Amino acid sequence: MGRSRVKSNSISNHPNISQSIHPKVNRKMGFYEERADAENAIPLSSSESSDEKLSQSIWETFLATKQTEETFAKKMKIWQVLFKCIQNMSWLPKYELYLMGSTITGYGTNNSDIDICMVDTDGATYCDSRTEALHNLWLVKNFIESSPSLHFEHIKMVRAKVPILRFRHTKENIDIDLSFNNSEGIRNTHLLHCYAQLDWRVRPLVVIIKQWAQHHNLNDPKNATMSSYSLVLMVINFLQAGVSPAVLPCLHNIYPDKFASDTYWNNLLESIAPYPTENRESLGELLLKFFKYYADFDYSNSMISVRTGGLLPKTEYNWNNSKMISHVCNFLWIEEPFNRTNTGKSVHNEYVFQQIKLAFHASWKMLQESQDLSILFLEPLFTPSMLPSSHSYF
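Residue positions within a chain follow its written sequence, with the count starting from 1. Reporting in this predicted model follows two pLDDT cut-offs: at least 70 for local features of residues, and 80 or more for side-chain atom pairs to be given and counted; totals over whole chains, interfaces and linings ignore these cut-offs and use all residues. To get the side-chain values, take all heavy atoms of the structure and skip hydrogens and water.

> Give a detailed account of the overall build of the protein, specifying residues and quantitative values.
Under the scheme used here, helices are H or I runs from DSSP no shorter than 4 residues and strands are E runs no shorter than 2 residues, and both carry numbers assigned from the N terminus. When its secondary structure is counted, the protein shows 12 helices and 7 strands. Considering the protein as a whole, with its 394 residues, one finds that 54% of them fall into the buried category. For the protein, contacts bridging at least 24 residues in sequence account for 70% of all contacts bridging at least 6. If you sum the accessible surface of the protein, you get close to 17600 Å²; carbon and sulfur atoms cover 49% of it. Here's how the labels work: a residue is buried when its accessible area is under 20% of the maximum for its type, exposed when over 50%, partly exposed in between, all with a 1.4 Å probe on protein chains only. The criterion used for residue contact is that any of the two residues' heavy atoms lie within 4.5 Å. In this description, accessible areas are obtained by the Shrake-Rupley approach with a 1.4 Å probe, and a residue is regarded as covered only by the protein chains that are shown.

The structure is reproduced here in structure tokens:
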């Protein structure tokens, strides 16, 4: 399609990926737990009994569901297989192969898929980046379809704004999402990984809230609910602006060279020092406040902004130079920290939006009254069959 065909670079030429990925990542898997041990695992609380039990339940659930080292090792093996596979495709451009998403950020569970991005080291070739992505992903798709020994099956091209080649490693039963030149995905992986290191309470809260959203069918953009990325940004922004003192700072303000620049950071596994917060609230207290915060949130006038560490007024902000989709009505506004689009755009159905708000309120009331984490995982508060129409954003 009009581009030169250069043999793929060996990954050994990229020390930020090949030479460091196994030792660094393996150390990272124990890093958070070591930090939690240093903080006595369960936060100091002014009261005993119900609050401490709730915090203990959150922590134990997190430990039981977080991505294990065994699962991570399986994902690394699949990553290696995929790299060798693509390396044999001499007609592809020079590239780097980045692991992204919850596998790296620290918010993953044993059921999480693998997000991988191929990055053309020569930069974009076509004027239309989406066309270029589709072209290269089709080449990969055709190759792995012709190689049954790789154990990649259920191969499907997802023609979204950012195209995805989705397939499954059948021996390990793990799904893979492969993208091309998805620089925003790499940058937000680095950002979320850094936020996870600032305070040991971040990861348990994110994992519990994602599980809560999945249980209540509120974590599926195809059904006009929230994406996992939006949920993580909501948790981080709550910890920045929804509690006092703040649990988290604004990394864009502290490290503008890393997070406010136009280039993405190569070392996704970078270590960052904990934030010296004065907030000593427990996991249970923070979870309750999270539900209350978004039950009462002023969605009509405010936008969630991790980039600024606070809220932005909708009336005074120009989303990505007016490049938002004008024919879709958005009810949830969450600023993407880098390209400044709205990650909450999937919540376009007013009925679903009202159900999301009701779920926040109901969960807050139930948890406040019972102080029992299991109350959040009874009958789902929302099901797609409740939708008044079958219209979907995608």
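> Tell me about helix α12 (residues 350-370), residues and numbers included.
Helix span, as expected, comes to 1.5 Å for every residue beyond the first. Along its 21 residues, α12 runs 30 Å from first to last C-alpha, staying within 8% of the 30 Å computed at 1.5 Å per residue. Where α12 is buried, its residues meet α2 (50-65), α7 (202-215), α8 (228-241) and α11 (283-295). Directly beyond the C-terminal end of α12, a positive phi value near 55° is found at Gln371.

> Pulling in residues and values, what's your account of the nonpolar core?
Here, the term nonpolar core denotes a set of buried Ala, Val, Leu, Ile, Met, Phe, Trp, Tyr and Cys residues that are joined through side-chain atoms within 4.5 Å. With 66 residues, the main nonpolar core has Leu287, Tyr294 and Phe360 as its most contacted residues. Looking at this core, the elements with two or more residues in it are α2, α6 (183-198), α7, α8, α11 and α12. Once residues lying within four places of it in the same chain are set aside, the contact partners of Phe360 are Trp212, Met226, Met234, Phe290, Phe291, Tyr294, Ala295 and Tyr299.

> Outline the sheet that holds strand β5 (residues 174-180), supporting the account with residue identities and numerical values.
Two strands are counted as paired when DSSP detects at least two bridges linking them. Pairing in this open sheet of 5 strands is mixed, and the strands run β1-β2-β5-β4-β3 from one edge to the other. Sheet topology places β1 (95-100) and β3 (152-158) at the edges, where each strand pairs with a single neighbour. Each strand of the sheet is rotated relative to its neighbour by a mean of 20°, with strand direction disregarded. Pairing geometry for strand β2 (residues 114-120) and β5, over 5 bridges, is parallel. For every element, the axis is a line fit to its C-alpha atoms; helices are fit only across the contacting stretch, and the angle between N-to-C directions ranges from 0 to 180 degrees.

> Describe the confidence of the model for the protein, listing the residues and the values that go with them.
Summary statistics for the protein give a mean pLDDT of 84 and a share of 79% for residues scoring 70 or more. pLDDT gives the predictor's per-residue confidence on a scale running from 0 to 100. Note on residues 1-41: pLDDT is under 50 here. Beyond four places in sequence and across chains, it has 91 contacts.

> Describe the side chain of His216, and please don't skip the residues or the numbers.
Along the polypeptide, His216 turns up in the loop between α7 and α8. Overall, His216 belongs to the buried group, its relative accessible area being 1%. Separated by 2.7 Å, the side chain of His216 and the backbone oxygen of Leu376 make a polar contact. Contacts of His216, omitting those with residues within four sequence positions, involve Leu376, Glu379, Pro380, Leu381 and Phe382. In the analysis that follows, any N or O atom pair within 3.5 Å is treated as a polar contact, provided that within protein one partner can donate a hydrogen and the other can accept it, and provided that, for residues neighboring in sequence, both atoms belong to side chains.

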